Amino acid sequence: MIHSLFIINNSGDVFMEKHWKSVIHKSICDYFFEVQGKAASPDDVPPVIPTPHHYLINIYRNHMYFVAVVTTEVPPLFVIEFLHRIFDTFEDYFNECTESALKEHYVIVYELLDEMLDNGFPLAVEANILKELIRPPNFLRSIADTVTGKSTSVSGILPTGQLSNVPWRRTGVKYANNEAYFDVIEEIDAIIDKSGSTVIAEIQGYSEKILSFVPPDGNFRLMSYHIGANKEGSGGRFDVTIGPKQTMGKTVENVVMEVNFPKSVLNASLTPSQGRYTFDPVSKVMSWEVGRIDSTKLPNIKGNISLQTGAPIPESNPTINVSINKVIPTCICVYKD
């Protein structure tokens, strides 16, 4: 599958190359440099570059290009994922994946590449298997290798997980305390207009709900998820302003408003100008404790309404009930896309 691998820095220097079959001269990278020179930024370089006799598939990580040379048509995403796995393995072994770190551990880098690919095809890619085959570097081993002139990082024992149905976990792993800790990390990207309403929002995160899996031994990412913004027909706007027609000199207090939403409403994310509100997702009733009404600044509540998938925006406004001390209120309720 992968014939050769070239690692190139930002200056255009090919500082490391690995060949699993016959040697391909690094002049093949001239096709890559030609395309790179036309790109506005490193991220704009096409991941797949065709040449007369080869395909160059590349990724850009930490100011370095990892360029794989393939001689036959293969699924590009398969190669791209494997290149990312190579980078992550180097980062795991050396605590960082930089040009200086790779040059410092030249021997281990080549040993890892020999184990990860067999004749150009992926072989051992799980961290626990690789660490049993190739020991991570440490200070004492580096001194011993320098003194003896030999590498002591290669193990002569076949990893226990190599023939397992779950190769990502070592066999026979036992702990006195069987506990697992999960960090749920979310990043929110949102655009909010001048009135405080959410125009668009997306959530990127890790882990959710019920998990069933065989964990590897150590830290790992289990899953990623993406929650996009509401699309047309899956949400709307709710905006209510409440105020009396006349007070006859009396103070309007203890005002409570209830809204019976349609069954298609899943949730209401609202912002009141005063008081507080609650929404019952079962009965679909929103209750707003308005409190005292100041005729110079009428209370308002507005926000987003989430509907069931595929449900249209309700054709009619919901029923509004207001309890008040003998003063008839004026209510304005608006649904907006």
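None of these values were measured; they are calculated from a predicted model. (Residues numbered from 1 in each chain as written. Predicted model: local features only at pLDDT ≥ 70, side-chain atom pairs only at ≥ 80, totals over all residues. Heavy atoms only, no water.)

1. A closer look at the packing of aromatic side chains
Definition in use: Any pair of Phe, Tyr and Trp rings, taking the six-membered ring for Trp, is counted once the centres come within 6.5 Å. Such a pair is stacked with planes under 30 degrees apart, edge-to-face with planes over 60 apart, and tilted for the rest. The way it works is that DSSP assigns letters per residue, a run of H or I at least four long becomes a helix, a run of E at least two long becomes a strand, and they are numbered from the N terminus. In this scheme, a residue with accessible area under 20% of its type's maximum is buried, one over 50% is exposed, and one in between is partly exposed, where area comes from a 1.4 Å probe on protein chains only.
Inspection of the entire model under this criterion finds nine aromatic pairs. Between F66 and F87, the ring centres sit 5.9 Å apart and the planes meet at 80°, which makes this aromatic pair edge-to-face. Note that F66 is positioned in strand β5 (residues 64-70) and F87 in helix α2 (residues 76-94), a separation of 21 residues in sequence. The pair formed by F66 and F87 is uniform in burial state, with each residue classed as buried. One aromatic cluster is present, built from ring pairs that chain together F32, F33, Y60 and Y65.

2. Observations regarding the packing of α2 against helix α4 (residues 106-116)
Rule in force here: Orientation is described by axes fitted as lines to C-alpha atoms, over the contacting stretch for helices, and by angles from 0 to 180 degrees between their N-to-C directions. The labels follow the angle: roughly parallel below 35 degrees, roughly antiparallel above 145, roughly perpendicular from 65 to 115, and oblique for the rest. If you view the pair so one helix is near and one far, a crossing is left-handed when the near helix is turned anticlockwise from the far one by less than a right angle, and right-handed when it is turned clockwise. Any two residues whose heavy atoms approach within 4.5 Å at even a single point are treated as in contact. Gly counts as polar in this scheme, as do all residues outside two lists: the nonpolar Ala, Val, Leu, Ile, Met, Phe, Trp, Tyr, Cys and Pro, and the charged Asp, Glu, Lys and Arg.
The interhelical angle for the contact between α2 and α4, taken along N-to-C directions, is 140°, at an axis separation of 11 Å. Between α2 and α4, the crossing angle belongs to the class labelled oblique. Two packed elements cross with a definite hand, and for α2 against α4 that hand is right-handed. Here F82, R85, I86, T89, F90, Y93 and F94 of α2 lie close against α4, whose contacting residues are I108, V109, L112, L113 and M116. Here the residues of the contact of α2 with α4 sort into ten nonpolar, one polar and one charged.

3. Structural notes on helix α1 (residues 29-38)
Formally: Directions pointing from the helix axis toward each C-beta atom define the arc.
Where α1 is concerned, the buried positions are C29, F32 and Q36. Looking straight down α1, one finds its buried side chains confined to an arc of 50°; they lie on one side. Exposed residues lying more than 90 degrees from the buried face of α1 are G37 and K38. Tucked into the core, α1 has its buried residues touching β1 (4-9), β2 (14-19), β3 (48-50), β4 (55-61) and β5.

4. Overview of unusual backbone geometry
Look at N62: it is not a glycine, yet its phi comes out positive at around 50°. Inspection of the secondary structure assignment puts N62 in the loop between β4 and β5. One non-glycine residue with positive phi stands out, namely H63, at about 65°. Counting through the fold element by element, H63 comes out in the loop between β4 and β5.

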